[in-house]
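Listed below, chain by chain, are the residues.
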Amino acid sequence: MTTDHLLPVLTARVRERAHAGAPDCPCGGAPLAGTTLADRPDATVVRHAGIVAKAHAADADPAELALRVTVAARLPGILLPPLDPTPVALHGRLVTSWPYGTPVDPEDPDAAPWEAAATLLARLHRTPAPTAVPPMRGPAKAAQAVARLRTAAPHHPATAPVLHAWAALPAWARGEAAMPDTATLCHGDLHLGQLIRHPAPGGPWLLIDVDDLGTGVPAWDLARPAAWYACGLLPPDDWHRFLTAYRAAGGPAVPPHGDPWPALDVPARALTAQTAARAVAKAGAADRPLDEVERSLVDACARMASIGPRAPRG
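Residues numbered from 1 in each chain as written. Predicted model: local features only at pLDDT ≥ 70, side-chain atom pairs only at ≥ 80, totals over all residues. Heavy atoms only, no water.

## A look at the packing of aromatic side chains
- Across all of its chains, the model carries five aromatic pairs by this definition.
- Ring geometry for Trp-114 and Phe-242: centres 5.8 Å apart, planes at 85 degrees, overall edge-to-face. On the criterion of sequence distance, the pair formed by Trp-114 in helix 3 (residues 114-126) and Phe-242 in helix 7 (residues 236-248) is long-range, its members being 128 residues apart.
- Looking at Phe-242, the relative accessible area reads 0%, which means it is buried.
- An aromatic cluster is built from Trp-114, Tyr-229, Trp-239, Phe-242 and Trp-261, whose rings are joined through pairwise contacts.
- Across from the ring centre of Tyr-100, 3.5 Å away, lies the NZ or CZ of Arg-47, which sits over that ring. (Phe/Tyr/Trp six-rings, centres within 6.5 Å; stacked < 30°, edge-to-face > 60°. Helix = DSSP H or I, 4+ residues; strand = E, 2+ residues; numbered from the N terminus. Buried < 20%, exposed > 50% of the residue type's maximum accessible area, 1.4 Å probe, protein only. Lys NZ or Arg CZ within 6 Å of the ring centre and 35° of its normal.)

What follows is the structure in structure tokens.
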């Protein structure tokens, strides 16, 4: 089913669920009342009152998603617990239900909860997986982005430096081999859009979105802010806040003192290549030049290709 057909069905489902708990909903009984929070091929997310329903990617593995949702249910205080313990099928898509929480305000970067994000990550990384889970999907998703770049924009002038940077990475970071850490519980796709306050509006921060959660290299969860910092897209003060809070909370991804970069270098390079690949593919599809941020990512890939990745100590 296409998202055009899925969206009204999902909206009706979340409305029914919300009304079961709050029959005096202020929507006035409108059959398609609701807010679409996301509508992409990999996820369609709809909110009605205090309930959020998410239709996961069409190729989501039912058994693996069920295990990831189970982890969220068993780690309250770190991950947002689901409303239902098991995903349900809806017109060929797996759907999960969640309570609504207040997201990070993208218009107020000074209020970005870097310390909260880092502390939650450290707690997640220090917590044994409460049930068996599949590998964290970060490297596999990076590989998908690079594969799309090869297909969508093979002759774009920015494609070559991205592919060269990608080829220099070790096989595990390209999703071609097992990760060197197979025990640490990781989020897999950490960015500020993956935090909400629950209960809304002012509850504690929690991590959301378990699609990529699993065991793997914990430095991957620090890699996006590390890459942004290295590319000049994240102010040094924000990066320092994030790294300091992670260390203060006992996060195992980096040493407690000294240079963190030997642990972060490979994952940060992989996230830079992944983000640049997505940017170039989108620019090529739209037949437009790269913007300033996209250009900085490609330039970082060009620098990366000329300086090999640093191996972690030990």
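Additional details are given in the paragraphs that follow.
## Examining the pattern of salt bridges
- The tally for this structure, following the rule as stated, stands at 15 salt bridges.
- Among the salt bridges present, the one from Asp-211 reaches Lys-54, with a minimum N-O distance of 2.6 Å. With Asp-211 in the loop between strand 9 (205-207) and strand 10 (214-215) and Lys-54 in strand 3 (residues 51-56), this pair connects stretches of sequence that are 157 residues apart.
- By relative accessible area, Asp-211 is classed as buried at 16%.
- Taking relative accessible area as the criterion, Lys-54 reaches 11% and is therefore assigned buried.
- We note a salt bridge from Asp-189 to Arg-224, for which the minimum N-O separation is 3.2 Å. (Salt bridge = Lys/Arg side-chain N within 4 Å of Asp/Glu carboxyl O.)

## A word on the sheet that holds strand 9
- Taken together, three strands build an open sheet; the order of strands is 6-8-9 and the sheet is antiparallel. Every interior strand has two partners, whereas the edge strands, strand 6 (102-103) and strand 9, have only one.
- Here three bridges tie strand 8 (residues 195-197) to strand 9, and the two strands are oriented antiparallel to one another. The residue of strand 9 that forms the bridge with Leu-195 is Leu-207.
- Taken strand by strand, helix 3 contacts strand 8 and strand 9, and its axis lies near 50 degrees from that of strand 9. (Pairing = 2+ DSSP bridges. Contact = heavy atoms within 4.5 Å. Axes fitted to C-alpha atoms, helices over the stretch in contact; angles between N-to-C directions.)

## Quick word on the packing of helix 3 against helix 7
- Taken N-terminus to C-terminus, the directions of helix 3 and helix 7 make an angle of 30 degrees; their axes are 8 Å apart at the nearest point. Seen from above, helix 3 lies across helix 7 with right-handed handedness. Contact with helix 3, carried on its side by Trp-114, Glu-115, Ala-117, Ala-118, Thr-119, Leu-121, Ala-122 and His-125, involves Asp-238, Arg-241, Phe-242, Ala-245 and Tyr-246 of helix 7 and no other residues of that element.
- Taken together, the residues that form the contact of helix 3 with helix 7 break down as eight nonpolar, two polar and three charged. (Left-handed = near helix turned anticlockwise from the far one by under 90°. Nonpolar A, V, L, I, M, F, W, Y, C, P; charged D, E, K, R; others polar.)

## What to know about the packing of helix 4 (residues 138-152) against helix 8 (residues 261-286)
- Axis separation between helix 4 and helix 8 bottoms out at 8 Å; the angle between their running directions is 30 degrees. If you check the angle between helix 4 and helix 8, you find them roughly parallel. Considering the relative orientation of helix 4 and helix 8, their crossing is left-handed. For the pair helix 4 and helix 8, contact is made by Lys-141, Ala-142, Ala-145, Val-146, Arg-148, Leu-149 and Ala-152 and by Gln-274, Ala-277, Arg-278, Val-280 and Ala-281, respectively.
- A class-by-class count of the residues in the contact of helix 4 with helix 8 yields eight nonpolar, one polar and three charged. (Parallel < 35°, antiparallel > 145°, perpendicular 65-115°, else oblique.)

## Side note on the pairing of strand 2 (residues 43-48)
- Counting buried positions along strand 2 gives five out of six residues, so the element sits mostly inside the fold.
- Alignment of strand 2 against strand 3, held across six bridges, turns out to be antiparallel. Along strand 3, the bridge assignment pairs Ala-43 with His-56.
- Hairpin geometry of strand 2 and strand 3 is characterised by an intervening segment of two residues between the two adjacent antiparallel strands and by a positive phi of about 55 degrees at Ala-49.

## Here we look at helix 8
- End to end, helix 8 covers 36 Å across 26 residues, agreeing with the expected 38 Å (1.5 Å per residue, within 8%).
- Bending of helix 8 peaks at approximately 25 degrees at the position of Pro-267.
- In terms of burial, helix 8 is largely enclosed, as 19 of its 26 residues are buried.
- Note on helix 8: the residue one or two positions beyond its end, Asp-287, has a positive phi of about 55 degrees. (Expected span 1.5 Å × (residues − 1). Bend = angle between axes of the 7 residues up to and from the residue.)

## A few points about the nonpolar core
- Grouped together as the largest cluster of nonpolar side chains are 80 residues, with contacts concentrated most on Leu-79, Leu-195 and Leu-207.
- A per-element tally of this core places helix 8 first, with twelve residues.
- Leaving out residues up to four positions away in the same chain, Leu-207 has contacts with Ile-78, Leu-79, Leu-80, Leu-120, Leu-121, Leu-124, His-187, Leu-190, Gln-194 and Leu-195.
- Counting ten residues, the second largest nonpolar core, distinct from the first, contains Val-14, Ile-51, Ala-53 and Ala-55. (Core = buried A, V, L, I, M, F, W, Y, C linked by side-chain atoms within 4.5 Å.)

## A word on the sheet that holds strand 3
- Ordered by their spatial adjacency, five strands build an open sheet running 1-2-3-5-4, and the pairing between neighbours is antiparallel. If you trace the sheet from one side to the other, it starts and ends with strand 1 (35-40) and strand 4 (88-90), each paired once. Each neighbouring strand pair of the sheet contributes to a mean axis angle of 25 degrees, computed without reference to strand direction.
- Here strand 3 runs beside strand 5 (residues 93-99); their pairing, made up of five bridges, is antiparallel. If you follow Ala-53 over to strand 5, its bridge partner there is Ser-97.
- Each of strand 3 and strand 5 is contacted by helix 2 (residues 62-74), which is oriented at about 10 degrees to strand 5, the strand it contacts most.

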